[in-house]
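# Coordinate analysis (summary)
Here is how the chains run, residue by residue.
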Amino acid sequence: MPNIVTAAQLRQVLGVSIALYDDAYLNEIINTAEAVILPMLVANTSAVNAYKLNNNEAYYYTEREHHFVAGQSIIVAGLPAPFSATVTVVTAGTYYFTAAITNADVTLREIIPSGTATLSGYSAVNIYTGNDAIESAILAVSVEVFQSRVAAGGQIEGLDFTATPYRMGRSLTNRVSTLLMPYLDVETVCQ
């Protein structure tokens, strides 16, 4: 379910009726756009690239400094059970934090793709809901995704019937970068 832009908003921008494209179809497109935009933004989230469990103490290793402190509630996702859960930080180092989990010991394991650790209540969705610039960027990307799906071969024709270049490449986010600049997580860009 989309979080920042609704199917009705996208439908209005596209000028299509519900008879042509139902909410479920437009929600898929919006989810795709949010999956492109939201990870680029500053949020209280860190990628978890390794984990282990030793004497009922889970260790979560992050790719960069995480800024979590003891006592905070963290939502961990994308790891196998029992590591994906809402946990309370017991100790925190620069690139790891621990939490109490009762289970058999698990040796150090890397995870690809990385999991996520997000400060409870402070995800990108919570932070950027109602932000006009982020909403506009997600709508712009949603329109591009929609166009690439409905245009034959992913090519959009201009008014003079000449095909424009494929628009779903890496330049997709460049077209909305000015809207996103104040909110980009520059630490992830530099890694």
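In the block above lies the structure referred to throughout.
Throughout, residues of each chain are indexed from 1 in the direction in which the sequence is written. The predicted origin of the model limits local features to residues at a pLDDT of at least 70 and limits the giving and counting of side-chain atom pairs to 80 or more, whereas totals for whole chains, interfaces and linings rest on all residues. Hydrogen atoms and water are omitted, and side-chain values are computed over all heavy atoms in the structure.

### Considerations on the overall build of the protein chain
- Secondary structure elements follow DSSP: runs of H or I no shorter than four residues count as helices, runs of E no shorter than two count as strands, and numbering proceeds from the N terminus. Secondary structure assignment for the protein chain yields 7 helices and 6 strands.
- Note on classification: 1.4 Å probe, protein chains only; a residue is buried when its accessible area is under 20% of the maximum for its type, exposed when over 50%, partly exposed between these limits. Within the span of the protein chain, comprising 191 residues, buried residues form 36% of the whole.
- It only takes one pair of heavy atoms within 4.5 Å for two residues to be counted as in contact. Within the protein chain, contacts between residues separated by at least 24 positions form 69% of all contacts whose residues are at least 6 apart in sequence.
- Accessible areas in this description were obtained via Shrake-Rupley with a 1.4 Å probe; residue shielding takes into account the shown protein chains only. Of the roughly 10,500 Å² of accessible surface on the protein chain, a fraction of 56% belongs to carbon and sulfur atoms.

### Description of unusual backbone geometry
- Cis geometry marks the peptide bond from Ala81 to Pro82; its omega dihedral reads 0°.
- Structurally, the position occupied by Pro82 is in the loop between β3 (73-77) and β4 (86-88).
- Between Ile112 and Pro113 the backbone carries a cis peptide bond, its omega angle lying at -5°.
- With respect to the secondary-structure elements, Pro113 resides in strand β6 (residues 106-119).

### Observations regarding helix α2 (residues 23-37)
- One less than the residue count of a helix, multiplied by 1.5 Å, gives the span that helix is expected to have. With 15 residues, α2 should cover 21 Å at 1.5 Å per step; its first-to-last C-alpha distance of 21 Å lies within 8% of that length.
- Buried within α2 are the following residues: Leu26, Asn27, Ile29, Ile30, Ala33, Glu34 and Ile37. Each buried residue of α2 sits inside an arc of 160° when the element is viewed along its axis, so together they form one side.
- In the core, the buried residues of α2 are packed alongside α1 (7-14), α4 (132-150) and α6 (177-180). Read the arc as the range of directions from the helix axis to the C-beta atoms.

### Observations regarding the packing of aromatic side chains
- Aromatic contacts are taken between Phe, Tyr and Trp rings whose centres are within 6.5 Å, Trp giving its six-membered ring; a plane angle under 30 degrees counts as stacked, one over 60 as edge-to-face, and the others as tilted. Taken as a whole and assessed by the stated rule, the structure comprises 10 aromatic pairs.
- With centroids separated by 5.0 Å and ring planes inclined at 80°, the aromatic side chains of Tyr21 and Phe146 adopt a geometry described as edge-to-face. Here Phe146 lies in helix α4 and Tyr21 lies in the loop between α1 and α2, a separation of 125 residues in the sequence.
- Overall, Phe146 belongs to the buried group, its relative accessible area being 5%.
- The interplanar angle of 50° and the centroid separation of 4.5 Å between the aromatic rings of Tyr51 and Phe83 together place this pair among those described as tilted.

### So, the pattern of salt bridges
- For this analysis, a salt bridge means a side-chain nitrogen from Lys or Arg found within 4 Å of a carboxyl oxygen belonging to Asp or Glu. Across all of its chains, the model carries 4 salt bridges by this definition.
- Between Arg11 and Asp23 there is a salt bridge, and its shortest N-O distance comes to 2.9 Å. Pair noted here: Arg11 is in helix α1 and Asp23 is in helix α2, with a separation of 12 residues, a long-range link.
- Under the relative-accessibility criterion, Arg11 is labelled buried at 12%.
- A residue is classified by how much of its surface remains accessible, and Asp23, at 35% relative accessible area, is partly exposed.

### Describing the sheet that holds β4
- Read from one edge of the open sheet, 6 strands run β4-β3-β6-β1-β2-β5, paired in antiparallel fashion. With one partner strand each, in any of the chains shown, β4 and β5 (96-100) form the two edges of the open sheet. Averaged over all pairs of adjacent strands, the angle between strand axes in this sheet comes to 40°, irrespective of strand direction.
- DSSP-based pairing: two strands are paired if at least 2 bridges between them are found. Judged from the 5 bridges that link them, strand β2 (residues 57-62) and β5 form a sheet pairing that is antiparallel. The partner of Tyr61 across the bridge, within β5, is Tyr96. With axes taken as lines fitted to C-alpha atoms, and helix axes fitted only over the stretch in contact, angles between N-to-C directions fall between 0 and 180 degrees.

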